[in-house]
Amino acid sequence: MAAIGGIAGWFLGTGGSPGQIAKQLFPKYAKHIFSKKHIEDGIMKLGTSQISIFNKVLLENY
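Because the structure is a prediction, the values reported are computed rather than measured. (Residues numbered from 1 in each chain as written. Predicted model: local features only at pLDDT ≥ 70, side-chain atom pairs only at ≥ 80, totals over all residues. Heavy atoms only, no water.)

**Student:** Tell me what's going on with the packing of aromatic side chains, and back it up with residues and numbers.
**Tutor:** Under the defined criterion, the tally for this structure stands at two aromatic pairs. On the basis of an interplanar angle of 45 degrees and a centroid distance of 6.4 Å, the ring pair of Phe-26 and Phe-34 is categorised as tilted. Since its relative accessible area comes to 19%, Phe-26 is described here as buried. Note on Phe-26 and Phe-54: the rings are 5.3 Å apart at their centroids and 85 degrees apart in plane angle, and the pair reads as edge-to-face. (Phe/Tyr/Trp six-rings, centres within 6.5 Å; stacked < 30°, edge-to-face > 60°. Buried < 20%, exposed > 50% of the residue type's maximum accessible area, 1.4 Å probe, protein only.)

**Student:** If you had to explain helix H2 (residues 18-33) to someone new, which residues and values would you point to?
**Tutor:** Over its 16 residues, H2 extends only 19 Å from the first C-alpha to the last, a length that falls short of the 22 Å expected when each residue adds 1.5 Å. The largest bend in H2 is about 55 degrees, located at Phe-26, with the proline Pro-27 one to four residues further on. Listed as buried for H2 are Pro-18, Ile-21, Ala-22, Leu-25, Phe-26 and Ala-30. (Helix = DSSP H or I, 4+ residues; strand = E, 2+ residues; numbered from the N terminus. Expected span 1.5 Å × (residues − 1). Bend = angle between axes of the 7 residues up to and from the residue.)

**Student:** Break down the packing of H2 against helix H4 (residues 50-59) for me, citing the residues and quoting the values.
**Tutor:** Direction vectors running N to C along H2 and H4 enclose 115 degrees, while the axes themselves pass 10 Å from each other. Classed by the angle they form, the pair H2 and H4 counts as roughly perpendicular. You can see that H2 and H4 cross each other, and the crossing is right-handed. Of the residues in H4, those in contact with Pro-18, Ala-22, Leu-25, Phe-26, Tyr-29 and Ile-33 of H2 are Gln-50, Ile-51, Phe-54, Asn-55, Leu-58 and Leu-59. Taken together, the residues of the contact of H2 with H4 break down into ten nonpolar, two polar and no charged. (Axes fitted to C-alpha atoms, helices over the stretch in contact; angles between N-to-C directions. Parallel < 35°, antiparallel > 145°, perpendicular 65-115°, else oblique. Left-handed = near helix turned anticlockwise from the far one by under 90°. Contact = heavy atoms within 4.5 Å. Nonpolar A, V, L, I, M, F, W, Y, C, P; charged D, E, K, R; others polar.)

**Student:** Outline the environment of Val-57, supporting the account with residue identities and numerical values.
**Tutor:** Within the fold, Val-57 resides in helix H4. When the C-alpha positions of Val-57 and Leu-46 are compared, they lie 9.1 Å apart, and in sequence the two are eleven residues distant.

Listed below in structure tokens is the structure:
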């Protein structure tokens, strides 16, 4: 399922698990989220790896 379809399904309660949604979204948004500027601003202090930080932020309120 395409990422946008997965997100829509997730919001409708018919999509994959939160982990599956995160795996679909990570490749699309990681370049921006972990840009040089954000790294310099300290984003890496939020966790031990990019994927762990991404999951923490994305799934925080799930």
